[in-house]
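Residue-level listing of the chains:
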Amino acid sequence: MTHSNHKGLILAAGRGSRMNSLTENKPKCFVKLAGRRLFDWQLQSLRSGGIHDISVVTGFHGEKFKSNDYNTIENRDWNNSNMVVSLLRASAFIDRPTIVSYSDIVYHPSVVQDLQSKDHDITLVYDKSWLKLWDQRFSDPLQDAESFEINKKGQIIEIGKKVQALTDIQGQYIGLFKLTKNGIDLVYKTVEKYYKRKNTLDMTALFQLMIKENIKIFGMPIDAHWCEIDSRSDLELAEHAIKKANQGQLFTDDHITPKSLQKH
């Protein structure tokens, strides 16, 4: 595959304390799924999508990321800050369109390819059929789900709030997005305006503030082809899906498609 003009950025500074002992001595993205680290899945998806200029924002056990295959940017304040601060640490790196990934998700390379074709300053990937996955992950999907509302132009008008009804949710943001140089500048300006909240802002709260400031944020829908590993039960769910796929069973009802994800 030809090299893309896009860059890749993985936000991997946090510990992932909900994984308990699994992340005691290593970053969350070093947890293995089907024998490979989550981090390796991400690198492979970005590279299969043609992206080879990749940086990683490190924090907890950042020394374990040493490699010539990617650059590292340190968030020294990882323990007292949130993912928004990690993103800002990498602002100088985002000098052309950049695909930004959380470090605890696995996604198909085709999602990376499709995202590169979007020319908005800020584009978030969201899953239209999110409820299938949330039903498997949680006894009550509303426990974890957040508001997500998008208009007919594909512009997100609300994200990240607590919801009372499933009908308030048109999808779930998966933790993968694209920023242009102007996009990161808009992030910077918004954080400056709400500077006192900088260290506590999570990413969806930031996006909601940007929407409030009339900054246009667009959505790119997908239909499955991803998973999030936020707990041991998430890991078991994904492992089970991969085991089923390897036994040659049909995959229509499962959310992640590991057989295609595992293509080299």
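The structure presented is a predicted model; accordingly, all values stated were derived computationally and were not measured.

Asker: What is the right way to look at the environment of R76 in this model?
Answerer: Mapped onto the elements, R76 comes out in the loop between strand 5 (71-74) and helix 2 (83-89). Residues R76 and F60, 16 residues apart in the sequence, show an inter-C-alpha distance of 8.7 Å. Polar contacts involving the side chain of R76 include one to the side chain of E74, which spans 3.4 Å.

Asker: Help me understand the nonpolar core, please; the structure alone is not making it clear to me.
Answerer: Within the largest apolar cluster, 78 residues are counted, with the highest numbers of intra-cluster contacts made by L87, F177, M203 and F207. What L87 contacts, discounting residues up to four positions off in sequence, is L9, L11, I94, V100, F177, L179, I184, V187 and M203.

Asker: Sorry, what's going on with the sheet that holds strand 6 (residues 98-102) here?
Answerer: Note: strands within a sheet are paired through backbone hydrogen bonds, in either parallel or antiparallel orientation. Reading across from one edge, 5-4-1-6-11-8-12 is the order of the 7 strands in this open sheet, with mixed pairing throughout. Every interior strand has two partners, whereas the edge strands, strand 5 and strand 12 (218-222), have only one. Put simply, the sheet's adjacent strands are angled 25° from each other on average, direction ignored. Relative to strand 4 (residues 54-58), strand 1 (residues 7-12) is paired through 5 bridges, and the arrangement is parallel. Bridging across to strand 4, L9 finds its partner in S55.

Asker: What is the right way to read the pattern of salt bridges from this model?
Answerer: When their charged atoms lie close together, side chains carrying opposite charge are able to pair. Counted by the stated rule, this structure contains 11 salt bridges. The partner of D40 in a salt bridge is R37, and the shortest N-O contact between them spans 2.8 Å. We classify R37 as partly exposed; its relative accessible area is 22%.

Asker: Just checking my understanding: could you explain the packing of helix 1 (residues 38-48) against helix 3 (residues 109-116) for this structure?
Answerer: Two quantities define a packed helix pair, namely the angle between the axes and the distance from one axis to the other. One way to put it is that helix 1 packs onto helix 3 with a least axis distance of 8 Å and a crossing angle of 45°. What the angle tells us is that helix 1 and helix 3 run oblique. Between helix 1 and helix 3 lies a crossing of right-handed hand. Counted together, S45, L46 and S48 of helix 1 and P109, V112 and Q113 of helix 3 form the full contact between these two elements. For the contact of helix 1 with helix 3, the per-class residue count stands at 3 nonpolar, 3 polar and no charged.

Cut-off values and rules
Residues numbered from 1 in each chain as written. Predicted model: local features only at pLDDT ≥ 70, side-chain atom pairs only at ≥ 80, totals over all residues. Heavy atoms only, no water. Helix = DSSP H or I, 4+ residues; strand = E, 2+ residues; numbered from the N terminus. Polar contact = N/O pair within 3.5 Å; in protein donor to acceptor, adjacent residues only side chain to side chain. Core = buried A, V, L, I, M, F, W, Y, C linked by side-chain atoms within 4.5 Å. Buried < 20%, exposed > 50% of the residue type's maximum accessible area, 1.4 Å probe, protein only. Contact = heavy atoms within 4.5 Å. Pairing = 2+ DSSP bridges. Axes fitted to C-alpha atoms, helices over the stretch in contact; angles between N-to-C directions. Salt bridge = Lys/Arg side-chain N within 4 Å of Asp/Glu carboxyl O. Parallel < 35°, antiparallel > 145°, perpendicular 65-115°, else oblique. Left-handed = near helix turned anticlockwise from the far one by under 90°. Nonpolar A, V, L, I, M, F, W, Y, C, P; charged D, E, K, R; others polar.

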